Amino acid sequence: MKRPTLLPKLLLPLLALACCATAQAAGDRLLNVSYDPTRELYKQVDAAFAAQWKQKTGQDVRVTTSNGGSGKQSRAVLDGLEADVVTLALAWDIDALADHGLLPKAWQSRLPDNSTPYTSSVVFLVRKGNPKHIRDWPDLIRDDVQVITPNPKTSGGARWNFLAAWGWAARQNGGSADKARAYVSQLYQHVPVLDTGARGATNTFVQRGIGDVLIAWENEALLSRQEAGADKFDIVVPSLTILTEPPVAVVDKLVDKHGTRQLAEAYLKFLYAPEGQELAAKNFYRPRLPAVAAKYAAQFPPVKTFTLAEQFGDWRKAQTTYFADGGVYDQISEGR
Amino acid sequence: MRNRALPGFGLSLGVTLAWLGGIVLLPLAALAWKSASLGPATWWAQVSTRRVLHALSLSFGGALAAAVIDMLLGLLLAWVLVRHRFPLRRLCDALVDLPFALPTAVAGIALTALYAPEGWIGRWLQPLGVQVAYTRLGVLLAMVFVGLPFVVRTLQPVLESLEREPEEAALTLGAGPWQRFRRVLLPMLAPTLLTGFALALARAVGEYGSVIYISGNLPMRTEIVPLLIVQKLDSGGDTGPAAVLGAVMLAASLLVLLAVNALQRWNRRWTEAG
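Scoring rules and cut-offs
Throughout, residues of each chain are indexed from 1 in the direction in which the sequence is written. Here every chain gets a letter starting at A, and every ligand a number starting at 1, in the order they are written. Local features are withheld for residues below a pLDDT of 70 in this predicted model, meaning they are given only at 70 or higher, and side-chain atom pairs are given and counted only at 80 or more; totals for whole chains, interfaces and linings count all residues. Values shown for side chains rest on all heavy atoms present in the structure; no hydrogens or waters enter the calculation. Each helix is a run of H or I in the DSSP string that is no shorter than four residues. Each strand is a run of E no shorter than two, and both are numbered from the N terminus. In protein, a polar contact means a hydrogen-donor-capable atom and an acceptor-capable atom, both N or O and within 3.5 Å, with residues adjacent in sequence counting only if both atoms are side-chain atoms; elsewhere, any N or O pair within 3.5 Å suffices. The contact definition used throughout considers only heavy atoms, calling two residues in contact when any of these lie within 4.5 Å. Two distance rules govern patches: like charges are joined within 9 Å, and nonpolar side chains (Val, Leu, Ile, Met, Phe, Trp, Tyr) within 5 Å, applied only to residues with over 30% relative accessible area and no salt bridge. Per-residue accessibility takes into account occlusion by the displayed protein chains alone, with areas from the Shrake-Rupley method and a 1.4 Å probe. Just to be clear on terms, a salt bridge is a Lys or Arg side-chain nitrogen sitting within 4 Å of an Asp or Glu carboxyl oxygen. Start and end positions for the domains come from either an automated domain assignment or a database one. Two parts placed together each lose some accessible area under a 1.4 Å probe, and adding up what both lose gives the buried area. Two strands are said to pair when DSSP picks up at least two bridges between them. Axis definition: a line fitted to C-alpha atoms, limited for helices to the stretch in contact. Angles are taken between N-to-C directions and run from 0 to 180 degrees.

## Re the side chain of Thr-154 of chain A
Topologically, Thr-154 of chain A is positioned in the loop between β5 (147–148) and α6 (156–170). In this structure the side chain of Thr-154 of chain A is engaged in a polar contact, spanning 2.9 Å, whose partner is the backbone oxygen of Thr-196 of chain A. Other than its neighbours up to four places away in sequence, Thr-154 of chain A contacts Asp-195 and Thr-196 of chain A together with Val-230, Gln-231 and Asp-234 of chain B.

Rendered as structure tokens:
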């Protein structure tokens, strides 16, 4: 019998499998884990930042951005994706990282403006000439109107859409949580396709030609109109909508591991600096710096907004009430 | 020393065990472990909602229907490819594998573009009152698409190696075409057909990429279980609820595949006895 030699041979492949050491990046690389529609923005930011860093320090850095659904990206970081900074669609997705000790719980007060260097809002994209005469939220639940918006469970952007509709209904004269719930559940009955992400919903509306109105972030709506040509779509700004604040943060535990803290902090500061703010505005995000905002004022329609904090407290509360397993959105969905 | 095509027993077994253990068993065990740690109350709360039950029935009902369609279409396709000679046969043969290789998202987007109400095919179906994209029919279509090559590719080699004598004997004994098919060919092909069916079924149950593009993902209407799992994961926090659904899918799939196996054993006994 060859019994003594069997065991090492058995173990060899097991060992090989276990020896998948993760190659660790040196301190001159930065990974930004971002959400889906920031693709164009961060492509430009990454290049501009690397150029500026080189000029200041003489060091070559390589900044890469990974894009995906905000919730998925957050989970990927939880599960071990080596993100130096996260730039996600909503604060809850970064709160979830803080809950697992990747950064301090008070992360959102570390940078100015709730850690959101740029903002947007929730608006309507309609077909050219607005054939269905969609002016405001009540028009979306008319019998002849079909609404496109992604699934709030899988799309961070869509959660803001949901909260915009809810907040509008709750803030009307005589508005209440009950009335808001009734309005929102009616709204989702007018949705023929629930895409899993914001880009998917935009494609369904723009390319598939489904639906009369797309509930979208202003930056996505402006981008779609620019890409498809202004003769195809109009943007309708509702009477009241939510100010969307996609936050950014350094992932402390991981930058300390990579030795990239200084680089990561400079990267986020860059977003607040005039150059970064200009790039945000060029990609249709509303900049925070008044000077840059004034310069690009013409491309943004006037809009009246409420903030998440004013209506819902904070994202943790909003998440548990509306979007957690068995939350309001799930209850509404089951009632269909 | 016997002549062996593969390295010795020890190494082969080691590779097999490492493969099975690391890639198949370990993740499945982790899933079972995670979901088992939750307790029956959580389980019941997760599984008993109308929405989950609806998604389960769509996932498994759709997959069963798709596997049946695949079995019939696949038999026809394999037959044509093996028994007939026609121009571009090799090209057709190669095309069969395409659903294997194509990223499922691409398949889903392509099917949706074709069958959406304003798509190339969809616009002709619309006046007939048939809508494929964003309905259950669309889910079925995507499942049929991804499962078809499994049936064709399992049947083909068997059909090729099938001896003609029994058929010819039946012919000389005066059997008509239908009789020859049912009495002679079908019994010989049945085990392979069932294998193809089981593979197509398993593939359709787990299919995610193509279905989510064409289904519209409406809760209580066109929502499949894999999407529900993703939703539970994406809304952040604990992975427990998603693990429960994953475990349910796993158990149900196992049951279905065991049933197909039993059917196959029964069929073999029946064929041998007959």
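## Considering a nonpolar patch on the surface
Residue and element names in this part refer to chain B. Taken together, the side chains of Trp-19, Leu-20, Ile-23, Val-24, Leu-25, Leu-28 and Leu-250 make up a nonpolar region of the molecular surface, amounting to roughly 610 Å² of accessible area. For the nonpolar patch, the leading source of residues is helix α1 (residues 9–36), giving six residues. With respect to the element layout, Ile-23 can be found in helix α1.

## So, the environment of Ala-247 of chain B
Residue and element names in this part refer to chain B. Positionally, Ala-247 belongs in helix α13 (residues 240–273). Sequence separation of Ala-247 and Ala-36 is 211 residues, and the distance between their C-alpha atoms is 8.8 Å. Ignoring sequence-local partners within four residues, the contact set of Ala-247 consists of Leu-31, Ser-35 and Trp-43.

## Here we look at the domain arrangement of chain A
Interfaces are often described in size by the accessible area the parts lose on coming together. Residues and elements named next belong to chain A. In terms of domains, chain A is made up of domain 1 (29–116 + 245–272) and domain 2 (119–244 + 303–334). Using C-alpha coordinates to define each centre, domain 1 is positioned 27 Å away from domain 2. Facing the 15 residues of domain 1 at the interface are 16 residues of domain 2. Buried area between domain 1 and domain 2, summed over both chains or domains, comes out near 1,400 Å², and the portion from carbon and sulfur atoms is 57%. Linking Glu-40 and Arg-199 is a salt bridge whose minimum nitrogen-to-oxygen distance equals 3.3 Å. Between domain 1 and domain 2 we count three residue pairs in polar contact (both at pLDDT 80 or more) in total. Secondary-structure elements contributing two or more residues to the side of domain 1 that touches domain 2 are α2 (39–57) and α4 (91–99). Broken down by element, the residue count for the side of domain 1 that touches domain 2 peaks at five residues, all from α4.

## Brief notes about the sheet that holds strand β2 (residues 62–66) of chain A
In a beta sheet, neighbouring strands pair by backbone hydrogen bonds and run either parallel or antiparallel. Residue and element names in this part refer to chain A. Taken in spatial order, the four strands line up as β2-β1-β3-β9 in an open sheet, and their pairing is mixed. Each edge of the open sheet is held by one strand with a lone partner, namely β2 and β9 (248–250). Mean inter-strand twist for the sheet, computed between neighbouring axes without regard to direction, equals 20 degrees. Bridge count for strand β1 (residues 29–34) against β2 is five bridges, and the pairing is parallel. Along β2, the bridge assignment pairs Arg-29 with Arg-62.

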